[in-house]
Amino acid sequence: MKIRRSHERGHANHGWLDSHHSFSFANYYDPEHMGFRALRVINDDRVLGGQGFGTHPHRDMEIISYVVEGELEHRDSMGNGSVIRPGDVQRMRAGTGVTHSEYNHSATDTVRFLQIWIVPDENGLEPGYEQKFFGDERRGTLRLVASPNGAEESVQIHQDVRMYASLLEDGDRVRHAVRAGRHVWLQVVRGNLSVNGVELDEGDGVSFSEATDIAITSTSDSELILFDLA
């Protein structure tokens, strides 16, 4: 069990964008934190009203956007245009190459979202897009929101990774059984948790590589994402 505290993350404040990086990204380089298994990027981004990322390219990456507060507007070279809101999980398969833009849908309110990159199990895939709403299905449980086979109506990713999301009230408890040979990354999105007896705060991450059971107790109203990885 290795803890990555919120204040240890990389940080970049560009005025319009305030971003915290769990792993090396852009001008933040840390050879000790280049990702975890197939999980390559977790950026916790806050974008001011009316601002955003102009059109830019990606390739050979599974990119997930998870909005915490506000609304994020997406457009891409595949012809997709959408607004991503809390409860939505959007997956863009960059594959052989796509361009896209992401803007705060509001002119005044800040949008906060997690930008997640997962390395696919093969390169050169056909680009694709998928977006699904989970909302209250995440309350009091670990809701599967992304998986390699689209199980339980989750979005489908081209990698042996299962992503769960959870909304917990103070005192709620959930557990995750870890199969032999699997690894887990847990990211505290909001609030405070006790994970296998260790206190975690908003922005903290923790990895497990030999655990068999992960016991999570919420010590405030909270939100988390858990990745189960090969």
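Residues numbered from 1 in each chain as written. Predicted model: local features only at pLDDT ≥ 70, side-chain atom pairs only at ≥ 80, totals over all residues. Heavy atoms only, no water.

Draft legend 1. Just the packing of aromatic side chains, in detail. For the structure on display, the rule yields five aromatic pairs. Taking 5.4 Å as the distance between ring centres and 75° as the angle between the ring planes, the aromatic pair formed by Phe25 and Trp117 counts as edge-to-face. Of this pair, Phe25 sits in the loop between strand S3 (17–21) and strand S4 (39–47) while Trp117 sits in strand S11 (residues 111–118), and the two are 92 residues apart along the sequence. The class for Phe25 is partly exposed, based on a relative accessible area of 22%. (Phe/Tyr/Trp six-rings, centres within 6.5 Å; stacked < 30°, edge-to-face > 60°. Helix = DSSP H or I, 4+ residues; strand = E, 2+ residues; numbered from the N terminus. Buried < 20%, exposed > 50% of the residue type's maximum accessible area, 1.4 Å probe, protein only.)

Draft legend 2. Quick look at the sheet that holds strand S16 (residues 173–177). Spatial strand order, S16-S21-S18-S19: four strands in an open sheet with antiparallel pairing. Because the sheet does not close on itself, it has two edges, and the strands there are S16 and strand S19 (198–200). For this sheet, the mean angle separating the axes of adjacent strands, direction not counted, is 25°. As judged from the three bridges shared by strand S18 (residues 193–195) and S19, these two strands associate in the antiparallel manner. Among the inter-strand pairings, Val195 is bridged to a residue of S19, identified as Val198. (Pairing = 2+ DSSP bridges. Axes fitted to C-alpha atoms, helices over the stretch in contact; angles between N-to-C directions.)

Draft legend 3. Representation of the pattern of salt bridges within the structure. Applying the stated rule across the entire model yields 20 salt bridges. We note a salt bridge from Arg9 to Asp44, for which the minimum N-O separation is 3.8 Å. Placement of the pair is Arg9 in the loop between strand S1 (2–4) and strand S2 (10–13) and Asp44 in strand S4, with a sequence separation of 35 residues. Arg9 sits in the buried class, given a relative accessible area of 10%. Linked by salt bridges that have partners in common, Arg9, Asp44, Arg46, Arg112 and Glu202 make up one network. (Salt bridge = Lys/Arg side-chain N within 4 Å of Asp/Glu carboxyl O.)

Draft legend 4. Representation of the nonpolar core. Ranked by size, the top nonpolar core spans 25 residues in total, and within it Leu39, Ile116, Met163 and Phe227 carry the most contacts. Put simply, the parts of the chain that give this core at least two residues each are S4, strand S6 (62–69), S11, strand S13 (143–147), strand S15 (161–168), strand S17 (183–190) and strand S22 (222–229). Those residues in contact with Met163 that lie beyond four places of it in its chain are Ile64, Tyr66, Ile116, Arg143, Leu144, Val145, Ala146, Ile225, Leu226 and Phe227. (Core = buried A, V, L, I, M, F, W, Y, C linked by side-chain atoms within 4.5 Å. Contact = heavy atoms within 4.5 Å.)

Draft legend 5. Geometry of the sheet that holds S1. Strand order in the open sheet formed by seven strands is S1-S20-S17-S22-S15-S13-S14, and the pairing between neighbours is mixed. Both edges of this open sheet fall to S1 and strand S14 (155–156), since each of them pairs with a single strand only. Relative to S14, S13 is paired through two bridges, and the arrangement is parallel. Bridge assignment links Ala146 to a residue of S14, and that residue is Val155.

By themselves, these figures tell us nothing about what the structure is for.
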